[in-house]
2 protein chains.
Amino acid sequence: MKWKVRIEIMLKENILDPQGKAVKGGLNALGYKNVADVHVGKYMELIIADTDNQEDVNKQVDEMCQRLLANPVIEDYTFQVEKMEG
Amino acid sequence: MKWKVRIEIMLKENILDPQGKAVKGGLNALGYKNVADVHVGKYMELIIADTDNQEDVNKQVDEMCQRLLANPVIEDYTFQVEKMEG
């Protein structure tokens, strides 16, 4: 069975986000004065094959985020797992 | 009225994604052989204030993606808009 996994990785709330601040400044300078806050993170889409049980996929993705995809000291992550057709 | 906007920005399908390839290689090397494909993109969370109409928010976010947040020549974007409490 194949699974599509979508992962969002963001800096934790109390960590300085200079990229978000720069994007907010750029948008405000373009005239979008109503943009009050911006945070920039990473987004990943993974295909996981050869796994029958969604619980196993959840467990594996959590482990991969901890070990490689995110930096759990400064980043939070969330993910959604969806079964693929065929 | 305040709105929370979540934006995912990904390279278009036929554009080479070396970062995704590197992450896939890293996961496979760590023993996660069932990771068949990885694509890496950007994720942004914006707060938009002082706008009453969700249609106006959608229109503004689309325009901001075209002008600054994404590169429409090589990237696709999707976004969700959600009304914030209070």
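Residues numbered from 1 in each chain as written. Chains lettered and ligands numbered in written order. Predicted model: local features only at pLDDT ≥ 70, side-chain atom pairs only at ≥ 80, totals over all residues. Heavy atoms only, no water.

In this section: the interface of chain B and chain A. If you look at the interface, chain B gives 30 residues, while chain A gives 30 residues. Each partner contributes to the roughly 2800 Å² buried at the junction of chain B and chain A, and carbon and sulfur atoms together form 63% of this total. Area buried by chain B at its contact with chain A is led by Y32(B), N34(B) and Y43(B), which between them contribute 23% of it. Our enumeration of links across chain B and chain A arrives at zero salt bridges. Along the contact surface separating chain B from chain A lie 18 residue pairs in polar contact (both at pLDDT 80 or more). For the side of chain B that touches chain A, the secondary structure elements donating two or more residues are β1 (3–11), α1 (18–29), β2 (35–48) and α2 (54–69) of chain B. Examining the composition of the side of chain B that touches chain A, we find that 14 residues originate from one element, β2(B), more than from any other. Looking at side-chain class alone, the side of chain B that touches chain A contains 18 nonpolar, six polar and six charged residues. (Contact = heavy atoms within 4.5 Å. Buried area = accessible area lost by both parts, 1.4 Å probe. Salt bridge = Lys/Arg side-chain N within 4 Å of Asp/Glu carboxyl O. Polar contact = N/O pair within 3.5 Å; in protein donor to acceptor, adjacent residues only side chain to side chain. Helix = DSSP H or I, 4+ residues; strand = E, 2+ residues; numbered from the N terminus. Nonpolar A, V, L, I, M, F, W, Y, C, P; charged D, E, K, R; others polar.)

A few words on the side chain of Q60(A). The topology assignment puts Q60(A) in helix α2 (residues 54–69). A relative accessible area of 13% places Q60(A) in the buried class. A distance of 2.8 Å separates polar atoms of two side chains, one belonging to Q60(A) and the other to N34(B). Not counting residues up to four positions away in its chain, the partners in contact with Q60(A) are I48(A), Y32(B), N34(B) and V35(B). (Buried < 20%, exposed > 50% of the residue type's maximum accessible area, 1.4 Å probe, protein only.)

Time to look at the packing of helix α1 (residues 18–29) of chain A against α2(B). At a closest axis distance of 11 Å, the pairing of α1(A) and α2(B) adopts a crossing angle of 110 degrees. For the element pair α1(A) / α2(B), the angle class is roughly perpendicular. Facing α1(A), whose interface residues are V23(A), G26(A) and L27(A), α2(B) presents M64(B), L68(B) and L69(B). Residue composition of the contact of α1(A) with α2(B), grouped by class: five nonpolar, one polar and no charged. (Axes fitted to C-alpha atoms, helices over the stretch in contact; angles between N-to-C directions. Parallel < 35°, antiparallel > 145°, perpendicular 65-115°, else oblique.)

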